Structures are given as structure tokens and as C-alpha cells.
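Observations on the three-dimensional arrangement
Single-letter residue listing:
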Amino acid sequence: MSTTASTSSNNLTFTSIVKSFFESYSKTPQKLKIIDLFLIYTFITGVIVFTYCCLVGTYPFNSFLAAFISTVGCFVLTTCLRIQINPINNFGKTISIERAFTDYLLCNLILHLVVFNFLG
């Protein structure tokens, strides 16, 4: 019976953790929520590309690598953008939103030029 009681108390703590997460996330600015949606989309795209590679095969291996590198790189760059835009992450340096977004666009341009070159 003690395992049942501990399981229910663990369940209560899990629900309280989820509840507090959603309460905290509701205070997140709208710009960050949009970036989070794009991160989820990029992650799902990477999972789909990897699953396709595992199921179908890697015949055009350069194409698989280019697609996977593109999704991972885009995910990393978008995460960096989110960190720079988040007002909580101000560690003594002030970077404007415009500069952070410009850096993001330039890095994405370089990333996708490399990916396009890798395709052959």
C-alpha cells in the first residue's frame, strides 16, 4: 500500500510541476512563443527526415545529410535567437532585437549556402 501512496504523491507532484510550468509559460512574451512554435516545427522536421532515412534508406546520402544538417543548424540558430531576445537573459550586454534578428538571418543565409553547396 505504501507504493500506491507514493505513486499518487509522485503523480500529484508531476501535475503540480506541469501546472506551474504552464503558469510560468503564460507570462512569456508573444515573440518568444512564436519562436518556440518554430523550434517545435524544426524539431519535428528533423525527426521526420531521420525517420525517413531509417525506413527508406540513405541512397542519396548527401541529400539526407544536407536536410538533417539544415534542420539541426536552423534549430541551433533559432535557439540562439531566442536566448538573445529573451529579456530575462540580459547578462550585462544589451543586444537590440533588430541586431539579433539580423545576425540570425545572416547566419541562416551562410548555413543554407553551405547546405546547398553540399548537395552537389
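You'll find the structure just up there.
Please read these numbers as outputs of a predicted model, since none were measured by experiment.

The rules we used
Numbering of residues starts from 1 in each chain and follows the order in which that chain's sequence is written. The model is predicted, so local features are restricted to residues of pLDDT at least 70 and side-chain atom pairs to those at 80 or more, both for listing and for counting; the totals for chains, interfaces and linings are taken over all residues. To obtain the side-chain values, all non-hydrogen atoms of the structure were included, while hydrogens and water were left out. Per the convention used, a helix needs a DSSP run of H or I reaching at least four residues, while a strand needs a run of E reaching at least two, with both numbered from the N terminus. Radius of gyration: C-alpha atoms only; globule rule: 2.2 Å multiplied by the number of residues to the exponent 0.38. Here the term buried applies to any residue with accessible area under 20% of the maximum for its type, exposed to any over 50%, and partly exposed to those in between, with areas from a 1.4 Å probe on protein chains only. Contacts: residue pairs with any heavy atoms within 4.5 Å of one another. The convention is simple: Lys and Arg are positive, Asp and Glu are negative, and His and the chain ends are not counted. By convention, the charge on Lys lies at NZ, on Arg at CZ, on Asp at CG and on Glu at CD. Each patch is built from salt-bridge-free residues with over 30% relative accessible area, joining like charges within 9 Å and nonpolar side chains (Val, Leu, Ile, Met, Phe, Trp, Tyr) within 5 Å. Residue burial considers only the protein chains on display, and all accessible areas are found by Shrake-Rupley using a 1.4 Å probe. Salt bridges, as used here, are contacts in which a Lys or Arg side-chain nitrogen is within 4 Å of a carboxyl oxygen on Asp or Glu. Residues adjacent in sequence count toward polar contacts only when both atoms are side-chain atoms; beyond that, a polar contact is any pair of N or O atoms within 3.5 Å, and within protein one must be able to donate a hydrogen and the other to accept it. With a 1 Å grid spanning the protein atoms alone, the term cavity applies to any set of points in which a 1.4 Å probe fits but cannot get out, the term pocket to an open set with protein on both sides within 12 Å along at least five of seven lines, and the term lining residue to any residue with an atom within 4 Å of a point. Grid points are joined across faces, edges and corners, and a volume is the space filled by probe spheres set on the points. Following the grouping adopted for this structure description, the nonpolar residues are Ala, Val, Leu, Ile, Met, Phe, Trp, Tyr, Cys and Pro, the charged ones are Asp, Glu, Lys and Arg, and the polar ones are all others, Gly among them.

1. Overview of the overall build of the chain
Each helix and strand in the chain was counted, giving 4 helices and 0 strands. The linear arrangement of helices and strands in the chain, starting from the amino end, is α-α-α-α. Over its C-alpha atoms the chain spans a radius of gyration of 20 Å, topping by over 25% the 14 Å that the globule rule assigns to 120 residues. In terms of principal-axis extent, the alpha carbons of the chain reach across some 65 × 45 × 20 Å. The proportion of buried residues among the 120 residues of the chain is 21%. Residue pairs in contact within the chain that sit at least 24 positions apart in sequence constitute 72% of those at least 6 positions apart. Placing the 7 positive and 4 negative side-chain charges of the chain at their respective mean positions leaves the two points 4 Å apart.

2. Thoughts on a nonpolar patch on the surface
Together, Leu-37, Ile-40, Phe-43, Ile-44, Val-47, Ile-48, Val-72, Phe-75 and Val-76 line one region of the surface with nonpolar side chains, adding up to about 820 Å² of accessible area. Where the nonpolar patch is concerned, the elements lending two or more residues are helix H2 (30-56) and helix H3 (61-85). Mapped onto the elements of the fold, Val-72 is located in helix H3.

3. Some points on the environment of Ile-85
Note on placement: Ile-85 falls in helix H3. Residues Ile-85 and Phe-101, spaced 16 residues apart in sequence, show a C-alpha to C-alpha distance of 8.6 Å. The residues contacting Ile-85, other than those within four sequence positions of it, are Leu-32, Ile-35, Ile-97 and Ala-100.

4. Description of the side chain of Asp-36
Mapped onto the elements, Asp-36 comes out in helix H2. Given a relative accessible area of 13%, Asp-36 falls into the buried group. A polar contact of 2.6 Å, which involves the side chain of Asp-36, links it to the side chain of Tyr-25. The residues touching Asp-36, leaving out its near neighbours within four places in the chain, are Tyr-25 and Arg-82.

5. Considerations on the environment of Ile-95
Its location among the elements puts Ile-95 in the loop between H3 and helix H4 (97-119). Separated by 22 residues in the primary sequence, Ile-95 and Gly-73 have C-alpha atoms spaced 22 Å apart. Dropping the residues within four chain positions of it, Ile-95 is found in contact with Gln-84 and Ala-100.

6. Digging into the environment of Pro-87
Mapped onto the elements of the fold, Pro-87 is located in the loop between H3 and H4. Residues Pro-87 and Asp-36 lie 51 residues apart in sequence; the distance between their C-alpha atoms is 15 Å.

7. Re the layout of surface pockets
Summary: where empty space remains is shown by rolling a probe the size of a single water molecule over the atoms. Approximately 210 Å³ is the volume attributed to the largest pocket. Lining the largest pocket we find Ile-83, Gln-84, Ile-85, Asn-86, Pro-87, Asn-89, Asn-90, Phe-91, Lys-93, Thr-94 and Ile-95. When the residues that make up the lining of the largest pocket are grouped by side-chain class, the tally is 5 nonpolar, 5 polar and 1 charged.

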